[in-house]
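Examining the three-dimensional arrangement
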Protein chains: 2
Amino acid sequence: MDFVLRGCVCDCIDKERIDARERAYLVCVGGKSAGVFDTLPERFAGLPCTDCGGSLIIPGLTDLHVHASQYAFRGLGGDLQLLDWLNANAFPEEARFADLGYADAAYDIFVQDLLRSATTRACIFATVHTPATLRLMEKLEKAGLRALVGRVSMDRGCPPSLCESDAETAARDEEEWIIRSSDFKNVRPIITPRFVPACSDALMRRLGGLREKYSLPVQSHLSENLGEIELVRSLAPDAECYGAVYDKYGLFTGSTVMAHCVHSGAAETELMRSRGVFAAHCPECNANIASGVAPVRRFLNAGVRVGLGSDVAGGSTLCLFTAMAMAVRCSKLRAHFTGEADAPLKTEEVFYMAARGGGEMFGKVGSFEAGFDFDAVVIDDAALRSPRPLTVRERLERLIYLADGARIKAKYVAGAKVFG
Amino acid sequence: MDFVLRGCVCDCIDKERIDARERAYLVCVGGKSAGVFDTLPERFAGLPCTDCGGSLIIPGLTDLHVHASQYAFRGLGGDLQLLDWLNANAFPEEARFADLGYADAAYDIFVQDLLRSATTRACIFATVHTPATLRLMEKLEKAGLRALVGRVSMDRGCPPSLCESDAETAARDEEEWIIRSSDFKNVRPIITPRFVPACSDALMRRLGGLREKYSLPVQSHLSENLGEIELVRSLAPDAECYGAVYDKYGLFTGSTVMAHCVHSGAAETELMRSRGVFAAHCPECNANIASGVAPVRRFLNAGVRVGLGSDVAGGSTLCLFTAMAMAVRCSKLRAHFTGEADAPLKTEEVFYMAARGGGEMFGKVGSFEAGFDFDAVVIDDAALRSPRPLTVRERLERLIYLADGARIKAKYVAGAKVFG
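Attention now moves to the overall build of chain A. In terms of helices and strands, chain A carries 13 helices and 17 strands. What you see for chain A is a C-alpha radius of gyration of 21 Å, in line with the 22 Å of a compact globule of 420 residues. When its C-alpha atoms are laid out on the principal axes, chain A stretches across 60 × 50 × 35 Å. Looking at chain A as a whole, 65% of its 420 residues are labelled buried. Put simply, of all contacts in chain A between residues at least 6 apart along the chain, 75% involve residues at least 24 apart. Approximately 14,000 Å² of chain A is accessible, and the part contributed by carbon and sulfur atoms is 49%.

This part is about the interface of chain B and chain A. On the side of chain A, 52 residues touch chain B, which itself brings 52 residues to the contact. Of the roughly 4,400 Å² buried where chain B meets chain A, counting both sides, 59% is carbon and sulfur surface. It is Phe337, Arg385 and Arg388 of chain B in chain B that bury the most area against chain A; as a group they hold 16% of the surface buried on that side. For Arg329 of chain A, the salt bridge goes to Glu284 of chain B, with nearest N and O atoms at 2.7 Å. In this structure, the connection of chain B to chain A is made through 18 residue pairs in polar contact (both at pLDDT 80 or more).

Bringing the packing of helix α4 (residues 167-180) of chain A against helix α5 (residues 201-214) of chain A into the picture now. Helix-helix packing: each pair is described by the crossing angle between the helix axes and the interaxial distance. Residues and elements named next belong to chain A. The geometry of α4 relative to α5 is characterised by a closest axis approach of 9 Å and an angle of 25° between their N-to-C directions. By the angle class used here, α4 and α5 are roughly parallel. α4 and α5 meet at a crossing whose hand is right-handed. Together, Ala167, Glu168, Ala170, Ala171, Glu174, Glu175, Ile178 and Ile179 of α4 and Ala202, Leu203, Arg206, Leu207, Leu210, Lys213 and Tyr214 of α5 make up the contact between the two elements.

The subject of this paragraph is the nonpolar core. Soluble globular proteins tend to bury their nonpolar side chains together. All names here are of chain B. Counting 139 residues, the largest nonpolar core has Phe110, Ile124, Leu136, Leu140, Tyr246 and Phe321 as its most contacted members. If one sorts the elements of this core by residue count, helix α2 (residues 100-115) sits on top with nine residues. Residues within four places of Tyr246 in sequence aside, it is in contact with Pro193, Phe195, Val196, Met204, Ser220, His221, Leu222, Leu251, Phe252 and Met258.

All names here are of chain B. Strand order in the open sheet made by the seven strands is β3-β2-β1-β4-β15-β16-β17, with mixed pairing throughout. Each having just a single partner strand, β3 (32-37) and β17 (416-419) make up the two edges of the open sheet. Averaged over all pairs of adjacent strands, the angle between strand axes in this sheet comes to 40°, irrespective of strand direction.

When chain B is fitted to chain A, the best match, at an RMSD of 0.0 Å, comes from turning it 180° and sliding it 0.0 Å along the axis. As the rotation angle and translation indicate, the two copies are arranged about a two-fold axis. Proximity to the rotation axis, assessed at the C-alpha, singles out Asp404 of chain B in chain B; its C-alpha lies 2.8 Å from the axis. The overlap is high: 100% of the interface residues of chain B also sit at the interface in chain A, so the same surface is used on both sides.

Let us look at the packing of aromatic side chains. Each aromatic ring pair is characterised by the separation of its centres together with the angle its planes make. Residue and element names in this part refer to chain B. A full pass over the atoms with the stated rule returns 23 aromatic pairs over all chains. Where Tyr242 meets Tyr246, the ring centres are 5.9 Å apart and the plane angle is 15°; that geometry is what we call stacked. Of this pair, Tyr242 and Tyr246 are both found in helix α7 (residues 242-248), four residues apart, which corresponds to roughly one turn of the helix. A residue is classified by how much of its surface remains accessible, and Tyr246, at 0% relative accessible area, is buried.

With that out of the way, let us pick up helix α3 (residues 130-143) of chain A. Residues and elements named next belong to chain A. Along its 14 residues, α3 runs 20 Å from first to last C-alpha, staying within 8% of the 20 Å computed at 1.5 Å per residue. Along α3, the positions that sit buried rather than exposed are Thr130, Ala132, Thr133, Leu134, Leu136, Met137, Lys139, Leu140 and Ala143. Those residues of α3 that are buried lie in contact with α2 (100-115), β6 (119-125), β7 (146-150), α4, β9 (187-189) and β17 (416-419). Phi turns positive, to about 85°, at Gly144, one or two residues after α3.

So, about the pairing of strand β11 (residues 218-222) of chain B. The buried fraction of β11 of chain B is high, at five of five residues. Taking every second residue as pointing to the same face, both faces of β11 of chain B are buried, with Val218, Ser220 and Leu222 of chain B on one and Gln219 and His221 of chain B on the other.

Attention now moves to the pairing of strand β12 (residues 256-260) of chain B. Residues and elements named next belong to chain B. In terms of burial, β12 is a largely internal element, five of the five residues being buried. Relative to strand β13 (residues 278-281), β12 runs parallel, the two being bridged by three bridges. Following the sheet pairing, Ala259 is matched in β13 by Ala280. Taking the sense of rotation as the criterion, the β-α-β connection linking β12, helix α8 (residues 266-275) and β13 turns out right-handed.

What follows covers the pattern of salt bridges. Residues and elements named next belong to chain A. Taken as a whole and assessed by the stated rule, the structure comprises 66 salt bridges over all chains. Residue Glu360 pairs with Arg305 through a salt bridge whose shortest N-O separation is 3.1 Å. Here Glu360 is found in the loop between α12 (347-359) and β15 (376-380), whereas its partner Arg305 is found in strand β14 (residues 305-308), with 55 residues between them in sequence. When salt bridges with common partners are traced through the structure, they connect Asp104, Asp108, Arg135, Glu138 and Lys139 into a single cluster.

Residues and elements named next belong to chain B. Over its 13 residues, helix α12 (residues 347-359) runs 17 Å from end to end, which matches the ideal 18 Å to within 8%, given 1.5 Å per residue. Of all the bends in α12, the largest measures some 45° and sits at Met353. For α12, the tally of buried residues reaches 13 of 13 residues, placing the bulk of the element in the interior.

Quick look at the side chain of Ser291 of chain B now. Relative to the elements of secondary structure, Ser291 of chain B occurs in the loop between α9 (283-288) and α10 (296-302). Of the residues examined, Ser291 of chain B reaches a relative accessible area of 1% and is grouped as buried. For Ser291 of chain B, the contacting residues outside a window of four places in its chain are His336 of chain A together with Glu224, Asn225, Val262, His263 and Asn286 of chain B.

Here we take up the confidence of the model for chain A. In this model, chain A carries an average pLDDT of 97, and 100% of its residues clear a pLDDT of 70 or more. At the level of chain-chain contacts, confidence expressed as ipTM amounts to 0.97, with global pTM at 0.98.

This brings us to the packing of α12 of chain B against helix α13 (residues 392-402) of chain B. Residues and elements named next belong to chain B. Between α12 and α13, the shortest axis-to-axis distance is 11 Å and the interhelical angle comes to 70°. Regarding the angle of α12 to α13, the classification is roughly perpendicular. The element α12 and its partner α13 pack so that their crossing is left-handed. Residue-level contacts link Thr347, Glu348 and Phe351 of α12 to Arg393, Leu396, Glu397 and Ile400 of α13.

Before going further, it helps to examine the environment of Leu136 of chain A. Residue and element names in this part refer to chain A. Relative to the elements of secondary structure, Leu136 occurs in helix α3. According to the relative accessible area criterion, Leu136 is buried, its value standing at 0%. Each C-alpha atom, one on Leu136 and one on Val149, is 8.3 Å from the other, the two residues being 13 residues apart in sequence. With residues up to four places along the chain from it excluded, the contact list for Leu136 reads Ala68, Tyr107, Phe110, Val111, Ile124, Ala126 and Val149.

Turning our eyes to something else, we now look at the sheet that holds strand β9 (residues 187-189) of chain B. All names here are of chain B. Overall, parallel pairing links the four strands, which are arranged β5-β6-β7-β9 in an open sheet. Two strands in the sheet have a free side with no partner beyond their single neighbour: β5 (61-67) and β9. Taking the axes of each pair of neighbouring strands and ignoring which way they run, one obtains an average angle of 20° across the sheet. Note: strand β6 (residues 119-125) against strand β7 (residues 146-150), five bridges, orientation parallel. Counted as the bridge partner of Arg121 is Arg146 from β7.

For the bond from Val312 of chain A to Ala313 of chain A, the omega torsion is 10°, close enough to zero to count as cis. In this structure, Ala313 of chain A sits in the loop between β14 and α11 (320-338).

This part covers the state of the cysteines. Residue and element names in this part refer to chain A. Under the counting rule described, the total for this entry stands at zero disulfides over all chains. Sulfur of Cys163: no disulfide; nearest cysteine sulfur belongs to Cys158 and is 3.7 Å away. On the accessibility criterion, Cys163 (27% relative accessible area) is partly exposed. The closest cysteine sulfur to the non-disulfide-bonded Cys241 is located on Cys261, 11 Å from its own sulfur. We classify Cys241 as buried; its relative accessible area is 14%.

Conventions adopted
- Residues numbered from 1 in each chain as written.
- Chains lettered and ligands numbered in written order.
- Predicted model: local features only at pLDDT ≥ 70, side-chain atom pairs only at ≥ 80, totals over all residues.
- Heavy atoms only, no water.
- Helix = DSSP H or I, 4+ residues; strand = E, 2+ residues; numbered from the N terminus.
- Rg over C-alpha atoms; globule rule 2.2 N^0.38 Å.
- Buried < 20%, exposed > 50% of the residue type's maximum accessible area, 1.4 Å probe, protein only.
- Contact = heavy atoms within 4.5 Å.
- Areas by Shrake-Rupley, 256 points an atom, 1.4 Å probe, with all protein chains shown as cover.
- Buried area = accessible area lost by both parts, 1.4 Å probe.
- Salt bridge = Lys/Arg side-chain N within 4 Å of Asp/Glu carboxyl O.
- Polar contact = N/O pair within 3.5 Å; in protein donor to acceptor, adjacent residues only side chain to side chain.
- Axes fitted to C-alpha atoms, helices over the stretch in contact; angles between N-to-C directions.
- Parallel < 35°, antiparallel > 145°, perpendicular 65-115°, else oblique.
- Left-handed = near helix turned anticlockwise from the far one by under 90°.
- Core = buried A, V, L, I, M, F, W, Y, C linked by side-chain atoms within 4.5 Å.
- Pairing = 2+ DSSP bridges.
- Least-squares fit on C-alpha atoms with pLDDT ≥ 70 in both.
- Phe/Tyr/Trp six-rings, centres within 6.5 Å; stacked < 30°, edge-to-face > 60°.
- Expected span 1.5 Å × (residues − 1).
- Right-handed = clockwise from strand over helix to strand, strands pointing away.
- Bend = angle between axes of the 7 residues up to and from the residue.
- pLDDT = per-residue confidence, 0-100.
- Disulfide = S-S within 2.5 Å.

Pasting the structure below:
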């Protein structure tokens, strides 16, 4: 049960530092990391050791925002902006999940692809449908992944097929689902108001009550698109900012993830910081549906917790290396176009966001520091050939841009091998 | 020698239209396309037919701008802007190509990866070194690819190891290389002044003379970065625009490719249009090294010829599907940040740019229209699973975003199978 991996270990220390080592030992004891060592300490000498050769070993990554129910149209339909995109692409696809057979086939593909990625933890949107959402949770549990899964709450501003009849019914259905979810060991429910335009005040109030009653985390969308923000302003004219609407109902907490935050201003940023809310930065989606680029440098400077989201299917891929590369690129384009002095994001920072930054939503996750959950991904990048030797640090940077040329050999979640 | 392929054919008709067909026949006669047919015409019934099943078949793509000599550091060193990036990353790597052994190893990797991509034609920068450049040309010729390869001319503003001693020597070396290149059948030389800051007026004048004497195409860089443009303004204060410097020496012609054009204004755009110059749009590079986003919509509206470049190693990947997806995304971010009314690029437009738009640099290339060179790529996208059937047009769009999930099965260049 306890074991050692040997390989080229890249650990995430903090926002400024990657610890990259040639041929180091990584020790797992009781499902937790016991640390990274250049020479194996005597006390671990009796443990079975798997030599991963020249492969890279990195902490498991956390996808802070992904719609499992939109995976079927990944890479499609990006010619619209958010509110039209929801009506044309997202809602029609999500309506199919009333059919459990369809949900079963679609979620099979999603979970298998997630399993083969570098992601070990995820905050996932399902749909409004309880049976389909439970089916997704079963599949994730069986795959050995750790996830927070949200049955989506919505009772206004959406097609009848996805709209709950009233706040009371919606809250009753939600509570029933929460109770039925208690059987899962590694997959937990997360309160998921879709976003303010789709949730009445009455529903938000009830979701806040359920959050408190069951001590649950929360996920939703925040300040993604200018049209959406205008709509929220008309729906909640008294709120100081979009985020204040969630806060009013107790949904803006230290275990809340808010996706996007592209247009969050000073007041909203301060509210996120003071409550401990996680911002899920989703750069590919924000480009694909023309929302803009989130002011991540300002979040980091302000002390807001930040992780990365693939945001499938506003984003096209589950690959968080792609999200890292897009985060760097988009920060550069933001600086170029706005003329602001905000420094672009660096490799260390985006690696931190994908590993430790998002991992914090799940506890001590996203690093090989002793005591952290042993989430590890073994990656063979030999197909990315080079005419000269590269350092381990260089290979990690290259992987961020060229992950499709590498191969995930094995994946461990809290010490259990789930793939490879 | 003549043959038929059967599969899901996606043809590039023009900027507005993709002809996507289920299970069509694609006929090759004498190395050229004889057209796409739902039912095979009687006159082709005797030809051998390869059934590609449900695979997609698309025209070969043209990479209008790529630095073969920078491939070793793809995905690395993106934390700088152009002029610093050249000094820190590009020039030190290019200096290694004085060693023919290194060049051999590096170009082997480049050519093998290019062969396995969807690219059938490319405009390629090598280095200032004649033996290494000839070695690259040999490898491309042997691989069956068609390419325009440039020995890079530079005689100022660069490290001594890459700087030619004077314009006269540089022009003599260039002419000697042109003559030695005449043995190749499918790979041709292209006059390649690196960019204005690296080429004296005397060298530019001589390169213009060689272009005329040998009727050669031209490639260079144009208006990529604000610091570079400022430098050009100081070096050529009398020029109406950056492009006018090339034009003054007869290097701005109907067989000239100019990479980037990120900051080309109205005068430069009109000069490009009137001369028939190709703009090589390199969106990934322009994001990676923070240059900005080229005004491609304006180029298209003005009638400027536009293709796509991977621009390795400012860009990280040879994959032109990635370039297409980045072109769409970056056009959206440009529109978002500038507030200009320029419509973002659509799938049809970026497919056109990668196929027919860039292909025009090589003649009738980039379409299955009868009479075009038979460049075709067979792609198995079965690993991109879907719970519901997708149309061929949808599969092509998805491929643009998720090419790394698909597999290139076979590739044909001018009727010859070069891979698969």
